[in-house]
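Each chain, letter by letter, is given below.
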Amino acid sequence: MTGINPRVAPDLMRHHAPKLADLTDDVLFADVWKRPDLSPRDRSLITVAALVSLGRDAQLTGHLQRALDNGLTRDELAEAITHLAFYAGWPAAMSATTVLAQVTENSADTPSPADHQPR
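A short tour of the structure in this document, coming up. (Residues numbered from 1 in each chain as written. Predicted model: local features only at pLDDT ≥ 70, side-chain atom pairs only at ≥ 80, totals over all residues. Heavy atoms only, no water.)

1. Regarding the packing of helix α3 (residues 40–54) against helix α5 (residues 74–88)
Rules: Orientation is described by lines fitted to C-alpha atoms, with helices fitted over the stretch in contact, and by angles between N-to-C directions that extend from 0 to 180 degrees. The numbering of helices and of strands both runs from the N terminus, where a helix is a DSSP run of H or I of at least 4 residues and a strand a run of E of at least 2. Any angle that is under 35 degrees is reported as roughly parallel, and any over 145 degrees as roughly antiparallel; angles of 65 to 115 degrees are reported as roughly perpendicular and all others as oblique. Handedness of a helix crossing follows the sense of rotation of the near helix relative to the far helix, less than a right angle counterclockwise being left-handed and clockwise being right-handed. We call two residues in contact whenever any of their non-hydrogen atoms come within 4.5 Å of each other. When residues are grouped by polarity, Ala, Val, Leu, Ile, Met, Phe, Trp, Tyr, Cys and Pro land in nonpolar, Asp, Glu, Lys and Arg in charged, and all others, Gly among them, in polar.
Where α3 meets α5, the axes come as close as 10 Å, and the angle between the chain directions of the two elements is 40 degrees. With respect to α5, the element α3 is oriented oblique. In this structure, the crossing between α3 and α5 has a hand that is right-handed. For the pair α3 and α5, the contacting residues are R41, L45, V48, A49, V52 and S53 in the first and E76, L77, A80, I81, L84 and A88 in the second. Partitioned by chemical class, the residues of the contact of α3 with α5 number nine nonpolar, one polar and two charged.

Structural data, given as structure tokens:
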């Protein structure tokens, strides 16, 4: 990998699994997330749905913030989580709601979609 792409992978990952960090930065976020057939907003919604369904709360925190940055609102994310309760299970949705509350409480103001550029 070239290492010319912005670092997205956490330093902890970079320290313990440097190749995984490089792949995260150079393939996942510099290639897959940049493909033109889905918008960053759509990719975020899909990613959040997958993480909620799989109960991957450790990654859900960052991806909920990314989803907000990519134009999804707190209400849209809450509605997606509610919808997923019927497909992914109630416990998964309850856990995801807790994570959403933490993410949105930590961001003082959740900007409107017009206030930011998709990542």
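2. Side note on the pattern of salt bridges
What counts is decided by this rule: Counted as salt bridges are all cases of a side-chain nitrogen of Lys or Arg within 4 Å of a carboxyl oxygen of Asp or Glu. Relative accessibility decides the category of a residue: with a 1.4 Å probe and only protein chains considered, values under 20% of the type maximum give buried, values over 50% give exposed, and everything between is partly exposed.
This structure, assessed with the given rule, holds four salt bridges. Between R14 and D22 there is a salt bridge, with the nearest N and O atoms lying 3.4 Å from each other. Across the pair R14 and D25 runs a salt bridge, and its minimum N-O distance is 2.4 Å. One end of the pair, R14, is in helix α1 (residues 11–16); the other, D25, is in helix α2 (residues 18–29), and eleven residues separate them in sequence. On the basis of relative accessible area, R14 is assigned to the buried category, the value being 14%.

3. Quick word on a nonpolar patch on the surface
Note the following rule: A residue counts toward a patch only above 30% relative accessible area and without a salt bridge, and it is joined to like-charged neighbours within 9 Å or, for Val, Leu, Ile, Met, Phe, Trp and Tyr, to nonpolar neighbours within 5 Å. Only the protein chains shown count as cover for residues, and all accessible areas are computed by the Shrake-Rupley method using a 1.4 Å probe.
Residues L23, V27, L28 and V32 make up a contiguous nonpolar surface patch of roughly 250 Å² in combined accessible area. On the secondary structure map, V32 appears in the loop between α2 and α3. Look at V32 and you get partly exposed, because its relative accessible area is 32%.

Just geometry here; none of it tells us what the structure is for.
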